[in-house]
Amino acid sequence: MSTRRSVIIGTGSYLPQTVLSNDDLAARLDTSDAWIVERTGIRRRHIAAQGEFTSDLGAAAARNALDAAGLSASDIDLIVVATATPDQTFPAVATVIQHKLGMTHGVAFDVGAVCSGFLYALTVADALLVNGAYARALVIGAETFSRLLDWEDRATAVLFGDGAGAVVLEAQAQTGGSADRGVLASRLHSDGRYNDLLYVDGGPGSTGTTGHLRMKGREVFRHAVVNLASVMGEVLEAAGLTPADVTWLVPHQANLRILEATARKLDLSPDKVVVTVDRHANTSAASVPLALDTAVRDGRIQPGDLLLLEAMGGGFTWGAAAVRW
Ligand code: UT7
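Source: prediction; values computed, not measured.

### Notes on the site of the ligand
- The full set close to the ligand counts 23 residues, and Thr31, Arg39, Arg218, Asn255 and Asn282 are the nearest of them.
- Side-chain polar atom of Asn282 to an oxygen atom of the ligand: 2.7 Å apart, as the coordinates give it.
- Protein burial of the ligand: of its 960 Å² of free accessible surface, 76% is covered by the chains.
- By residue number, the principal contributor to the shell around the ligand is helix α7 (residues 217-238), which donates 4 residues.

Right under this line is the structure:
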């Protein structure tokens, strides 16, 4: 039986030029390279230049993904952008990127699920391709979290960075089995009871200011490991697969200790986990597609590999997807 599946046919990413090391941060905050590396695994992060916006990062990653797919913007009819750091309150970053890519056709919109945003965007785009509404999508995670940080707060300022990642999804006829290429299954969750554990203390409808990121780190950590393990199991079961089938875990990059604990829950060896948190820090919705593009370009991800993507973020929101390369 023939089934429509969304197949990733190109990946791309973009990191701003300026690199901020842990020592750079220790020069202005009461922190140290040793503390940051031991507690998070982060060594450096990229920071967007003045005048460089989320849409610039996202458009660069999108061009990169289109090149990898051998396509141009005229071949795309859907753009879904995951971001919590839009250039402006509106319009949607997706429409700004649409314009930057020179597109006047198709549909472009944003989804907001903070660090889980890419999993949400992928799931929405997948549904719209599989139901036949669109043929090819750009799914982009793009963030300038440096603009949301309280640079006086050592507990959060050291954790985040800026960047963007993108994939080109194409609807293709597949058999419907678990050996198919493409998105085999995805699952999303949210629980608003916890929206005071990771949030921004401002916004256009409340303070009229952008506000700053606030987090109760230890509690977020605890929920992350439990929720991620649970949704990964759920998505593998939905795809008719087991942890033994996973070639690469491509996780949200918040903290190396979370990545390791999550992999242990699935009995996955650490060498099956794609890690970029050391170089990128937590880039929120950009982190999963940035990690994916890194492992595609360095040749680790090969045709037939089974990828497990996962993320957890403010809301709380969390999700996972099983994707055959
Ligand atoms: O992407 C969305 C999801 N976000 C996450 O997944 C983040 C989850 N949370 C975490 O990654 C970790 O909880 C953190 C990295 C944020 C913190 O690590 P922790 O091991 O949970 O440390 P802690 O918050 O319990 O703080 C331990 C100590 C505290 O000092 P006292 O109270 O023990 O004296 C902090 O004040 O470390 C102190 N501290 C720091 N010290 C040096 C907190 N931040 C820093 C810092 N440098 N940057």
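Having seen the structure, we can now continue with the description.
### A word on the pattern of salt bridges
- Within the structure shown, the criterion is met by 10 salt bridges.
- Of the charged contacts in the structure, one is a salt bridge between Glu170 and Arg136, with a shortest N-O distance of 2.6 Å. Of the two residues, Glu170 is situated in strand β7 (residues 162-174) and Arg136 in strand β6 (residues 136-144); the sequence distance between them amounts to 34 residues.
- Taking the relative accessible area as the measure of exposure, Arg136 reaches 22% and is therefore partly exposed.
- Taken together, the shared-partner salt bridges in this structure form one network comprising Asp150, Asp201 and Arg214.

### Here's the deal with the side chain of His280
- You can see His280 is positioned in helix α9 (residues 277-280).
- When neighbours within four sequence positions are excluded, His280 is seen to be in contact with Leu15, Arg44, Arg45, Gly161, Leu290 and Thr294.

Rules used in this analysis
Residues numbered from 1 in each chain as written. Predicted model: local features only at pLDDT ≥ 70, side-chain atom pairs only at ≥ 80, totals over all residues. Heavy atoms only, no water. Near = heavy atom within 4 Å. Polar contact = N/O pair within 3.5 Å; in protein donor to acceptor, adjacent residues only side chain to side chain. Areas by Shrake-Rupley, 256 points an atom, 1.4 Å probe, with all protein chains shown as cover. Helix = DSSP H or I, 4+ residues; strand = E, 2+ residues; numbered from the N terminus. Salt bridge = Lys/Arg side-chain N within 4 Å of Asp/Glu carboxyl O. Buried < 20%, exposed > 50% of the residue type's maximum accessible area, 1.4 Å probe, protein only. Contact = heavy atoms within 4.5 Å.

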